[in-house]
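Here are the chains, one letter per residue:
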Amino acid sequence: LLSNEEWEDRFRGFLLGTKTLPLLYDPFFKTFFDSYIHKERLEDFISSILGQRVEIVEVLPMQSTDFIGAFVIMDMVVRVSDGSLVNVEIQKVPYMFPAQRISCYSSDLVMRQYRRESERLRHENKGMSYKNLKKVYTIVFYENSSKNLISPVDGRMYFHEGKTAFNTGIKMNLLQEYKLISLDTFKKYRYSSIINGNTDITEYDIDESEYEHPVTDEVKRARVKYMSLFVTEDVEDMKKLLEVF
């Protein structure tokens, strides 16, 4: 988190036209991706993370009470056109959002969907069908990565994708998927190349084996565009990004 002195320096730089505002901070992020004012921008952003074009249907309440005795308060929850739910979380301190919390948030999305579907069928005098439930995606952006977010395969990998798989190779369409993004790793290994005009997509930006359908060049390019935008602090760098994208 920024100290008071760092905030003062950043804000003074913004007023002088040399620094950008930190877009990942909650009020800026929610203004920039306001679903009513900038619906197409939010769709473009979510599509770039999911690897497929999506349409935003609605933004859901961020607070839920599924877990007894506790509130689950999410940063942003949207429903897309195929019925899937997407939760976007921004984390500045990695230990505040460990694997157990990620699991709880993902489970909350499943239960929100279950309640909505069971209520709809009840009004239609029909029994619950689990086959109607769609995917839920938990997306977490980390400004600072813990050691758990550094890949033992290749330390330059910043886009971590997860879902349940079975050792025997059986295929089951389980609902929960995860996208964990290490922005500090992106900035360390990818940012300088992109800002200098090299937007060629690499194996670090997208693992196409994780997707059922081919990912378009437009979606791939949008992904590195938003990653670059989130880590930019300098107005001169922002000008370069405007030229690149």
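Everything numeric in this text was worked out from a predicted model, so none of it was measured.

Focus on the nonpolar core
Logical step 1: F45, V88, F141, M227 and F230 are the most contacted members of the largest nonpolar core, which has 41 residues in total.
Logical step 2: Broken down by secondary-structure element, the contributors of at least two residues to this core are helix 3 (39–50), strand 4 (76–80), strand 5 (85–91), strand 6 (136–142), helix 5 (183–189), helix 6 (191–195) and helix 7 (217–231).
Logical step 3: Take this core: its biggest share by element is 8 residues, from helix 7.
Logical step 4: Excluding residues within four positions of it along the chain, V88 makes contact with F29, F45, I46, D75, M76, I139 and F141.
Logical step 5: L60, V77, L109 and L180 belong to the second-largest nonpolar core, a separate cluster that totals 15 residues.

Some words on the pattern of salt bridges
Close approach of charged atoms allows side chains with opposite charge to pair.
Logical step 1: This structure, assessed with the given rule, holds 20 salt bridges.
Logical step 2: A salt bridge links K30 to D26; the shortest N-O distance between them is 3.1 Å. Taken together, the residues K30 and D26, both in helix 2 (residues 26–32) and 4 residues apart, mark about one turn of the helix.
Logical step 3: Among the residues examined, D26 registers a relative accessible area of 36% and is labelled partly exposed.

Remarks on the layout of surface pockets
Logical step 1: Size it by volume and the largest pocket reaches roughly 810 Å³.
Logical step 2: Elements supplying a minimum of two residues to the lining of the largest pocket: strand 7 (159–163) and strand 8 (176–182).
Logical step 3: Here the element with the most residues in the lining of the largest pocket is strand 8; it accounts for 3 residues.

Focus: the packing of aromatic side chains
In this description, an aromatic ring pair is defined by two values, namely the gap between the centres and the angle between the planes.
Logical step 1: The tally for this structure, following the rule as stated, stands at 18 aromatic pairs.
Logical step 2: Put simply, the rings of F29, F32, F33, F45, F141, Y226 and F230 touch in pairs and so form one group of aromatic residues.
Logical step 3: Its guanidinium or amino end placed over the ring of F32, R41 lies 4.1 Å from that ring's centre, counting from NZ or CZ.
Logical step 4: When the ring centre of Y25 is taken as origin, the NZ or CZ atom of K92, which lies over that ring, is 4.0 Å away.

A short note on the environment of G155
Logical step 1: Relative to the elements of secondary structure, G155 occurs in the loop between strand 6 and strand 7.
Logical step 2: A relative accessible area of 32% places G155 in the partly exposed class.
Logical step 3: It is 17 Å that separates the C-alpha atoms of G155 and M227, two residues lying 72 residues apart in sequence.
Logical step 4: Each residue touching G155, except ones within four places of it in the same chain, is listed here: I150, T185 and Y189.

Notes on empty space enclosed by the protein
Logical step 1: One pass over the structure, following the stated rule, counts 1 cavity of 30 Å³ or more.
Logical step 2: Considered as a void within the structure, the largest cavity measures approximately 40 Å³ in volume.
Logical step 3: Lining the largest cavity we find E161, G162, K163, E177, Y178, K179 and E210.
Logical step 4: When contributions to the lining of the largest cavity are tallied by element, the ones reaching two or more residues are strand 7 and strand 8.
Logical step 5: Residues of the lining of the largest cavity, tallied by class, amount to 1 nonpolar, 1 polar and 5 charged.

Here we look at helix 7
Logical step 1: With 15 residues, helix 7 extends 22 Å from end C-alpha to end C-alpha; this agrees with the ideal 21 Å at 1.5 Å per step.
Logical step 2: Among the 15 residues of helix 7, 11 are classified as buried, and the element is accordingly described as predominantly covered.
Logical step 3: Looking at helix 7, one finds that the buried residues are V219, K220, A222, R223, V224, Y226, M227, S228, L229, F230 and V231.

Concerning a nonpolar patch on the surface
Logical step 1: The grouping of F166, I170, M172 and L174 at the surface amounts to a nonpolar patch, some 360 Å² of accessible area in total.
Logical step 2: Following the sequence through the fold, F166 ends up in the loop between strand 7 and strand 8.
Logical step 3: What makes F166 partly exposed here is its relative accessible area of 35%.

Basis of the calculations
Residues numbered from 1 in each chain as written. Predicted model: local features only at pLDDT ≥ 70, side-chain atom pairs only at ≥ 80, totals over all residues. Heavy atoms only, no water. Core = buried A, V, L, I, M, F, W, Y, C linked by side-chain atoms within 4.5 Å. Buried < 20%, exposed > 50% of the residue type's maximum accessible area, 1.4 Å probe, protein only. Helix = DSSP H or I, 4+ residues; strand = E, 2+ residues; numbered from the N terminus. Contact = heavy atoms within 4.5 Å. Salt bridge = Lys/Arg side-chain N within 4 Å of Asp/Glu carboxyl O. 1 Å grid on protein atoms, 1.4 Å probe; cavity = no way out; pocket = protein on both sides within 12 Å on 5 of 7 lines; lining within 4 Å. Points joined across faces, edges and corners; volume = space filled by probe spheres on them. Phe/Tyr/Trp six-rings, centres within 6.5 Å; stacked < 30°, edge-to-face > 60°. Lys NZ or Arg CZ within 6 Å of the ring centre and 35° of its normal. Nonpolar A, V, L, I, M, F, W, Y, C, P; charged D, E, K, R; others polar. Expected span 1.5 Å × (residues − 1). Patch = residues over 30% accessible without salt bridge, like charges linked within 9 Å, V, L, I, M, F, W, Y side chains within 5 Å. Areas by Shrake-Rupley, 256 points an atom, 1.4 Å probe, with all protein chains shown as cover.

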